[in-house]
Structure formats: structure tokens, C-alpha cells
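Read off the chains here:
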Amino acid sequence: MKILVLNAGSSSQKSCVYEITGNTLPEEPLKPLWEAKVDWTHQQGFAELEVKTAKGEQLQEKIPADSRTQVMAHMLDTLCKGSTQVISQPSEIDVVGHRVVHGGQDYRESVVITEEVKQAIAHLATLAPDHNPANLEGIEAIEQHWGTLTQVAAFDTAFHSHLPDAAAIYPGPYEWVEQGIRRYGFHGISHQYCAKRASRILGRDLASVQLINCHLGNGCSLAAIQNGRSIDTTMGFTPLDGLMMGSRSGAVDPGILIHLLRQSDNSVDELAKVLNKASGLRGISGISNDMREIREAISQGNSRAQLAWDIYVHRLRSYIGGMLASLGGLDALVFTGGVGENNPEIRAAACEAFAFLGLKVDHEKNAHKPVDIDIATSDSSVRVLVIHTEEDWEIACECWLLLEKKSA
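Residues numbered from 1 in each chain as written. Predicted model: local features only at pLDDT ≥ 70, side-chain atom pairs only at ≥ 80, totals over all residues. Heavy atoms only, no water.

The line we're drawing: UniProt positions are given in the numbering used here, feature names are shortened, and annotations may be inferred rather than shown by experiment.
An unreviewed UniProt entry lists the protein chain under the name Acetate kinase, from Brasilonema octagenarum UFV-OR1. Recorded in UniProt under Subcellular location (unreviewed entry), the annotation for the protein chain is "Cytoplasm". For the record of the protein chain, the UniProt heading Pathway (unreviewed entry) holds the text "Metabolic intermediate biosynthesis; acetyl-CoA biosynthesis; acetyl-CoA from acetate: step 1/2."

See below:
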């Protein structure tokens, strides 16, 4: 089965093709036959396209970005033409899988995309305005360029769809529940993959382990995972809740928002922009949303960068403690995402607070770019794993399982 995966964001489009053979899914993620990335922000008026294949062919282009749909069509053409060709025609693709950020209450598992599903994704764009429209754009680009291929939506919210009511329902008026205002949680595809991967690294059945998964990137969220399911998470009704992030505030006192809205020079749209684009590491440091640049500024004595770091670590530790209370025990603390995988200082700082539990990090392992390994000491009471998240592979697996179920 050849599976094309489209993972769309507001600033980039990542795509890859996997070929899964045999009657069972492999335990280890396969290497893609073809990978592509479109960066929409490289230069005004242009998009940057990078393509590579399993055979080592590479392509780099700058493309006029007047129409994102046309750029995506050109990206898809590199699958079938030129030096990066890996298929002779689009019909060789059995299914196209899409990461869709918000699935609301109705979509609790991956589904084949229909007009009804597309309408739901569009409707839910009000709750994920930076992501759902881009996800829908990818779906429509396939339809326009390649016709009636089977397409599947894998929802980031689905992994959290069985949260207990006590964790999911906000303490506002009960009418909110009836209106669908609740904690949905996000990064579910990554949390799901890392939970499975963690159980294999530990040599344990997924249903028997208690995990806290820390997805730390430009967007950040934690998930408390028990019996293979998310029972608590930090992102909420939207991806804005919870941890301090690259440019998102995370949770703040709602009274602050009321206070700001009462000031005549603030509008809802301006406040949304501040909370999503001008807060977090960027807002506090005044430098960047990139943790690497924050660390560099700290080394030069920048006090605001130090404050941004201190707040980030404080809130990370605080929310890990909250997840720990939800679980009532912990087998492994997992770090993933761009910051989680690549920043040993963040991992060490987060773990230090839990030394009282007997959690001990092997600092040499932590410092040497660990990938899919346990960095805890042999006598640590809690394992500490660094896992390279493979969202695209998890989406491909969801597509394979869905099509296998349909053909059974």
C-alpha cells in the first residue's frame, strides 16, 4: 500500500510517501520513499520547496507563491516527474492521509473524508484558525489536482477524546457543556505515537504503563497516558491553553483578558493576535520564539531571555506535577518535539524538580543527542525517554488500519 501523507501548518507543508507491504504493520517506522517540504515564509512572494527521495535525489526550488494551491500542485508533480519521481501516475497512491488539528466532539477516530467531513473541518476552523484551514487546503488540492483518490483525516484531538469529564469540562455554567465548550487537547497524533514507542523501548505492554508525554516545540502540550489513553492534557478548547509556548501565552488568568477588553484600544482580534503571536518566549524575551536563540541571549547576559527561560521551566514543572497527580504514579517521563528532543538543558531542568521521587537523569546520556533511548540512571525510580516523534508515520498507520478494516 502506497500512502501519501500531508501534514499542513500555517507556515509550512510537509509531505511524504510510505510503502507498506505485508499483512501487518512494521514495528519500526519505515523510511519514506519521497519527502517534501514547502516553506511559505521563506521570502515574501515566494515559497521554498525542498524534495528528497530514498535513493538520494534532491531538489530545491523557489516558486512564486501567488497561489498556495498551485505551489502544492507543483510539489505533487515532483512525485511523478523529474529526478525525484517515485511513482509513474497518481493512481499508484492508494490513500492520502491528512493531519487535521481539530475534530471537535464528533470525530473520535480517523475517518475517510467526505463532503460532510470537509464541512466539519471548515466549521471547526474558528477553534483552530492557524491549522484547520491549511488542513482543508491540502484536501482540496488533492481533489483539484488528482481527482477522486481516497483521503483520510487523522485528527489531533482524537487521542484525547476519552478524557474523563472531570478533566474535560470547564467549571463554567453547564450550558458550556451543551455548547461543546470543553477541553479537546491537541498534538494527539504525536502523543499517540510516542506512547506506543515508549512502551516498546520499555519492553512493556502499552496498557500496563503510566506515561507523561512532553511534546515541546513551538507549540507545547503534555499528556497523562494510562492504559494507552490520554486521561489528562494541557491544551484545551483551543491550542492556546496550558504551557508557555514559542509565541503563545498558554494559560493566563481570564480576568486579564476581561481587563484588557475593557480598555478602549483593545479588540478581540488584537487580543487574539497578542495571545497567539506575541506572547510566550517571544513576548517575554523580546527576542525570539526559538529556544536556541533564547539560550544564546542568556549566555550574553540578557535578563529578559533569562526570565523567559525561568517562566518556561516553572510552568513545565508545574504542569508535569499536575499530570502526575492525575496518574497517581509514573513509569516514564517522555520528551519529544523540537525542544524536547534537542534541548538537554530543558530536560535536565524539568527533571530536577522530581528528584524527590527518585527520578535521576544520566547527564552524559542527556547531553549526547539521545534518540529513542532511556536517559535515566540505572537506579532511577522513573525512566526518562527522549523520543523522536513520527507524526507522519502515525498518520500512515492510521490510513493503513482504516483501509484494512474496510477491506476485511
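### Digging into the UniProt feature "active site" (unreviewed entry) in the protein chain
Which entries qualify depends on this criterion: Under the DSSP-based scheme used, a helix requires at least four consecutive residues in state H or I and a strand at least two consecutive residues in state E, with every element numbered from the N terminus. Contacts were defined at the residue level, with two residues in contact if any of their heavy atoms lie within 4.5 Å.
Under the present numbering, the feature "active site" (unreviewed entry) in UniProt falls on Asp156. Among the structural elements, Asp156 can be located in the loop between β8 (151-155) and α4 (165-168). What Asp156 contacts, discounting residues up to four positions off in sequence, is Arg99, Val100, Val101, Gly185, Phe186, His187, Gly188 and Ile189.

### A few points about empty space enclosed by the protein
Here the idea is plain: a probe the size of a water molecule rolls over the atoms and shows the empty space left. Put simply, the rule reads: Buriedness for pockets is judged along seven lines, at least five of which must meet protein on both sides within 12 Å for an open set on the 1 Å grid over protein atoms alone, while cavities are sets there where a 1.4 Å probe fits but cannot get out, and lining residues have an atom within 4 Å of a point. Grid points are joined across faces, edges and corners, and a volume is the space filled by probe spheres set on the points. Gly is put with the polar residues, along with every residue not named as nonpolar or charged; the nonpolar set is Ala, Val, Leu, Ile, Met, Phe, Trp, Tyr, Cys and Pro, and the charged set is Asp, Glu, Lys and Arg.
For the coordinates displayed, the defined rule picks out two cavities of 30 Å³ or more. Here the largest cavity is characterised by a volume of approximately 60 Å³. Considering the residues around the largest cavity, the lining is formed by Gly104, Gln105, Arg108, Thr157, His160, Ser161, Arg182, Arg183 and Tyr184. Of the residues in the lining of the largest cavity, the class split is one nonpolar, five polar and three charged. Roughly 30 Å³ of internal volume is contained in the second largest cavity. Forming the walls of the second largest cavity are Gly217, Asn218, Met245, Gly246, Leu281, Asn289, Met291, Tyr312 and Val339. Looking at the lining of the second largest cavity residue by residue, the class counts come to five nonpolar, four polar and no charged.

### Topic: the packing of aromatic side chains
Here is the rule: Ring pairs are drawn from Phe, Tyr and Trp, using the six-membered ring of Trp, whenever the two centres fall within 6.5 Å, and their geometry is named by plane angle: stacked under 30 degrees, edge-to-face over 60, tilted for the rest. Each ring is checked for a lysine NZ or an arginine CZ that lies within 6 Å of its centre and within 35 degrees of its normal; such an atom marks a charge sitting over the ring.
With the rule as written, the count across this model stands at four aromatic pairs. Here the guanidinium or amino end of Arg182 rests over the ring plane of Tyr184, the centre of that ring lying 5.6 Å away. Between the NZ or CZ atom of Arg295 and the centre of the ring of Trp309, over which it lies, the distance is 4.3 Å.

### Description of the sheet that holds strand β11 (residues 229-233)
Condition: Strand pairing is assigned whenever DSSP identifies at least 2 bridges connecting the two strands. Fitted lines through C-alpha atoms serve as axes, helices being fitted only where they are in contact, and the angles separating the N-to-C directions of these axes extend from 0 to 180 degrees.
On the basis of which strands lie adjacent, the open sheet formed by six strands has the order β11-β10-β9-β12-β14-β13 and mixed pairing. The open sheet is flanked by β11 and β13 (373-374), the only strands paired with a single partner. For strand β9 (residues 210-216) and strand β12 (residues 332-336), the ladder comprises five bridges, and the chain directions are parallel. The residue of β12 that forms the bridge with Cys214 is Phe335. The strands touched by helix α11 (residues 303-327) are β9, β10 (220-226), β11 and β12; relative to β10, the strand with the most contacts, the crossing angle is about 20 degrees.

### Remarks on the environment of Leu149
Mapped onto the secondary structure, Leu149 falls in the loop between α3 (132-146) and β8. In this structure, the C-alpha to C-alpha distance between Leu149 and Ser91, residues 58 residues apart in sequence, is 7.5 Å. Contact partners of Leu149, with chain neighbours within four places excluded, come to Pro90, Ile93 and Val96.

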